[in-house]
Amino acid sequence: MKTSQATVDMPSAERLLGIRRGIEKEGLRALGTGSLALTPHPAELGSALTHPHITTDYSESQLELITGARLGVQECLDELTEVHQFVLRNLSESGELMWNSSMPCRLPTDETIPLGRYGSSHSGRSKSVYRMGLGHRYGRRMQTISGIHYNWSLPGVTSDQYFALIRNFRRNAFVLLYLYGASPALCPSFVEGREHRLQPLGDGKDALYLPYATSLRMGRLGYQSDAQSTICVSYNGLEGYADSLHEALTRPYAAYEQLGVRNPGGDYNQLGTGLLQIENEFYGTIRPKRTVKSGERPLHALRERGVEYVEVRLMDIDPYETVGIAPATMRMIDVFLLHCLHTDSPQDTPQEIDALKHNQHLAAEQGREPGLTLERNGQQVRLTDWALEVLQQCRPYAQALDAAHNSGDYSAALEQALARVQNAQTTPSAHVLQELVDGYDSRFIEFMTTQSAKARDTLLAMPWTAEQQARFEQMSAESVAAQQRIEAADTLTFEEWRQRYMDPASLR
């Protein structure tokens, strides 16, 4: 695969300064003991349905903190930090932590994990029903995995160009898993009653792991399902992508049809009986995205108005970073995405899609194994050789970003990445395993509780003004009022609303 000439394709400094990035960071609310907090979403944090910066993901106990799309890395991190500060100031009053790890804290039985609740409006109820469906389909524990989503756009990029970026991202995603994966071990409660290939760490009572894993979250124990393995989504363009996703959304699936939308008592089991309930159910390392209007299906928005940005979905929470991600990591993602965008990007094939899935699992579960090979164009290539090749090709983009920002930060982030490829012991996943064994006698919950408490203490020690407190309190109050307006505006029955929302015509 040849690289397009940087001199031809390099965006202008003006366009590079127009890159926007935003972060969505998930994190479980945990008790000081390391167990899942089963309390409702704190009222002081506002409405999870409508708050612009604080919501919940799958579980009522799983926070999701959101920044806007920012022009600067530090600006984005500052906003993420401020949201964390407000949240932790509230949680600390009840003795709760925000779990600073992708793999979950100590979990209760599957059915005890609470689903996110969003009020009595039809849109709010549908979110809870969707989560009920996910629980039936995949189990609730799997949904408690948390991560960081990195939303990214560059001015002047077309839908076709974004899909070219996505194809290359999927080819090279193993590089980011190796560099930034931080979930090589987990609490045994996560896999209780499930088949797995994990090994005991220490006596195995307090931690399971794979010796060379980078990100168990992105391996076969993470967001995977037998049903979804039958979906072959092509990224060769907007039309083909939309058609393949449409087919998965409307294809009946026998096990889900047997479950039914409602049980005999009338309670809802799921939103629909197709292979996917809604678009967000489709798991992927990266997604093409378009901001949706109220009540609009994401697939309709994409078809109507094209790709607006991409959402990178494979980043683990870094337990050594207060807000889960380092500025150097963000800069390297910027460089990596520019490289993906400006490198020749052949059309994908079903055969390549299968190979990429296999490569992802190898990189996630064995990525630090010396001599590990991946498949590229039918040939076996060493992961480290391929990663070095990709990162060397990234150099012009790091230099261009540094020139645009009048800094050396992007090149420094690239050098850090190159050093990690040359020494696997310097990766976050290796650090986690080493400290888990040497400092915590292989006790996963104790280690991650300590890391989460350190993050909390750092955030609580930062300056916090009355003006900041008032601004966040106002946002919370406004979000509650917005939820009430939505609830008051409903006129249909929920079942009428659900049928209208799930109508395949709404996907067109």
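None of the values given here were measured: they were computed from a predicted structure.

About the criteria used
- Residues numbered from 1 in each chain as written.
- Predicted model: local features only at pLDDT ≥ 70, side-chain atom pairs only at ≥ 80, totals over all residues.
- Heavy atoms only, no water.
- Buried < 20%, exposed > 50% of the residue type's maximum accessible area, 1.4 Å probe, protein only.
- Helix = DSSP H or I, 4+ residues; strand = E, 2+ residues; numbered from the N terminus.
- Pairing = 2+ DSSP bridges.
- Core = buried A, V, L, I, M, F, W, Y, C linked by side-chain atoms within 4.5 Å.
- Contact = heavy atoms within 4.5 Å.
- Bend = angle between axes of the 7 residues up to and from the residue.
- Salt bridge = Lys/Arg side-chain N within 4 Å of Asp/Glu carboxyl O.
- Disulfide = S-S within 2.5 Å.
- Phe/Tyr/Trp six-rings, centres within 6.5 Å; stacked < 30°, edge-to-face > 60°.
- 1 Å grid on protein atoms, 1.4 Å probe; cavity = no way out; pocket = protein on both sides within 12 Å on 5 of 7 lines; lining within 4 Å.
- Points joined across faces, edges and corners; volume = space filled by probe spheres on them.
- Nonpolar A, V, L, I, M, F, W, Y, C, P; charged D, E, K, R; others polar.
- Axes fitted to C-alpha atoms, helices over the stretch in contact; angles between N-to-C directions.
- Expected span 1.5 Å × (residues − 1).

A.B. asks: Explain the pairing of strand E1 (residues 20-31) here, please?
C.D. replies: Here is the key point about a regular strand: its side chains alternate between the two faces of the sheet. Judged by how many residues are buried, E1 sits mostly within the fold: 10 of 12 residues are covered. As judged from the six bridges shared by E1 and strand E5 (residues 148-153), these two strands associate in the antiparallel manner. Within the sheet, the bridge partner assigned to Glu24 lies in E5 and is His149. Looking at chain direction, E1 and strand E3 (residues 62-66) are connected through five bridges and run antiparallel. Bridging across to E3, Leu28 finds its partner in Gln62. Here three bridges tie E1 to strand E4 (residues 96-98), and the two strands are oriented antiparallel to one another. By the bridge assignment, Arg29 is partnered in E4 with Met98.

A.B. asks: Would you take a moment to explain the nonpolar core for this structure?
C.D. replies: In summary, soluble globular proteins display a tendency toward joint burial of nonpolar side chains. Ranked by internal contacts, the top residues of the largest apolar core, which has 115 residues, are Val87, Trp152, Leu165, Phe169, Leu314, Met332 and Leu391. Discounting chain neighbours no more than four positions away, the residues touching Met332 are Tyr180, Leu391, Cys394, Ala413, Leu414 and Ala417. Counting 31 residues, the second largest nonpolar core, distinct from the first, contains Trp99, Val191, Tyr209 and Leu210.

A.B. asks: Can you help me understand helix H6 (residues 159-180) in this one?
C.D. replies: Given 3.6 residues to a turn, an α-helix orients residues that are three or four positions apart in the same direction. The sharpest bend along H6 reaches about 55 degrees and sits at Arg171. Counting buried residues along H6, 20 of its 22 residues qualify, which places the element largely inside the surrounding structure.

A.B. asks: Before we go on, may I ask you to explain the pattern of salt bridges in this structure?
C.D. replies: When the charged atoms of two side chains lie near each other, side chains of opposite charge can form a pair. According to the stated counting rule, one finds 26 salt bridges in the structure shown. The partner of Arg29 in a salt bridge is Glu96, and the shortest N-O contact between them spans 2.9 Å. Of this pair, Arg29 sits in strand E1 while Glu96 is found in strand E4, placing the two residues 67 residues apart along the sequence. Both residues of the pair, Arg29 and Glu96, belong to the buried class. Glu415 is the partner of Arg395 in a salt bridge, and the nearest nitrogen-oxygen pair spans 2.6 Å. Remark: Glu415 occurs in helix H14 (residues 409-422) and Arg395 occurs in helix H13 (residues 395-405); sequence separation between them is 20 residues. Relative accessible area serves as the criterion here: at 26%, Arg395 is assigned to the partly exposed category. Residue Glu415 is classed as partly exposed on the basis of its relative accessible area, which comes to 39%. Beyond isolated ion pairs, a larger network of salt bridges with shared partners links Arg287, Lys289, Glu311 and Arg313.

A.B. asks: Sorry, what's going on with the state of the cysteines here?
C.D. replies: Each disulfide consists of a covalent bond between the sulfur atoms of two cysteine residues. All told, the structure shown has zero disulfides when counted by the stated rule. Looking at Cys76, it has no disulfide partner, and the nearest cysteine sulfur is the one in Cys340, 19 Å off. Assessed through its relative accessible area of 0%, Cys76 is described here as buried. There is no disulfide at Cys187, and the cysteine sulfur nearest it, in Cys105, is 8.1 Å away.

A.B. asks: Teacher, can you tell me more about unusual backbone geometry here?
C.D. replies: With glycine set apart, most residues show a phi of negative sign, and most peptide bonds adopt trans. In the Ramachandran plot, Asn377 falls in the positive-phi region, its phi being about 50 degrees despite a non-glycine side chain. As for its position among the elements, Asn377 is in the loop between strand E11 (373-376) and strand E12 (379-382). The backbone of Ser442 sits at a positive phi, close to 65 degrees, despite the residue not being glycine. As for its position among the elements, Ser442 is in the loop between helix H15 (428-440) and helix H16 (444-461).

A.B. asks: Can you help me understand the packing of aromatic side chains in this one?
C.D. replies: Note on aromatic pairs: each is described by the distance of the centres and the angle between the planes. The final tally for this structure, using the stated rule, is 13 aromatic pairs. With a centroid separation of 5.4 Å and 35 degrees between ring planes, the pair formed by Tyr235 and Tyr241 is classed as tilted. Accessibility expressed as a relative area gives 4% for Tyr241, which makes it buried. Taking 4.6 Å as the distance between ring centres and 50 degrees as the angle between the ring planes, the aromatic pair formed by Tyr253 and Tyr256 counts as tilted. Overall, Tyr253 belongs to the partly exposed group, its relative accessible area being 26%.

A.B. asks: Teacher, can you tell me more about empty space enclosed by the protein here?
C.D. replies: In this approach, a probe sized like a water molecule rolls over the atoms, and the result shows the empty space that is left. With the rule as written, the count across this model stands at one cavity of 30 Å³ or more. When its volume is computed, the largest cavity comes out at roughly 40 Å³. Around the largest cavity sit Lys25, His84, Leu88, Met98, Asn100, Thr322, Ser452, Ala455, Arg456 and Leu459, which together line it. Per-element tally for the lining of the largest cavity: the top contributor is H16, with four residues. Looking at the lining of the largest cavity, its residues break down into four nonpolar, four polar and two charged.

A.B. asks: I'm lost on the packing of helix H12 (residues 383-393) against H13 in this one. Help?
C.D. replies: Direction vectors running N to C along H12 and H13 enclose 35 degrees, while the axes themselves pass 4 Å from each other. Contact with H12, carried on its side by Leu391, Gln392 and Gln393, involves Arg395, Pro396 and Tyr397 of H13 and no other residues of that element. Here the contact of H12 with H13 is built from residues that sort into three nonpolar, two polar and one charged.

A.B. asks: Looking at this structure, how should I read the environment of Tyr309?
C.D. replies: Within the element layout of this structure, Tyr309 appears in strand E10 (residues 309-315). Along the chain, Tyr309 and Tyr162 lie 147 residues apart, while their C-alpha atoms are 7.7 Å from each other. When neighbours within four sequence positions are excluded, Tyr309 is seen to be in contact with Asn151, Trp152, Ser153, Tyr162, Arg287, Pro288, Lys289, Arg290 and Thr291.

A.B. asks: Looking at this structure, how should I read helix H4 (residues 122-138)?
C.D. replies: For H4, with 17 residues, the first-to-last C-alpha span of 24 Å sits near the 24 Å given by 1.5 Å per residue. Of all 17 residues that make up H4, 12 are buried, and the element is covered over most of its length. Where the residues of H4 are buried, they touch strand E2 (54-56), helix H5 (140-143), helix H8 (254-259) and helix H18 (494-502). One or two positions beyond H4, positive phi appears at Gly139, with a value near 90 degrees.

A.B. asks: Looking at this model, I keep getting lost on the sheet that holds strand E7 (residues 199-200). Mind explaining?
C.D. replies: Hydrogen bonding along the main chain pairs the strands of a sheet, whether they run parallel or antiparallel. The three strands are arranged E6-E8-E7 in an open sheet whose pairing can be described as antiparallel. In this open sheet, the two edge strands, each paired with only one partner strand, are strand E6 (185-186) and E7. Pairing geometry for E6 and strand E8 (residues 208-209), over two bridges, is antiparallel. Note on E8: the bridge partner recorded for Leu186 is Leu208.

Geometry only, nothing functional implied.
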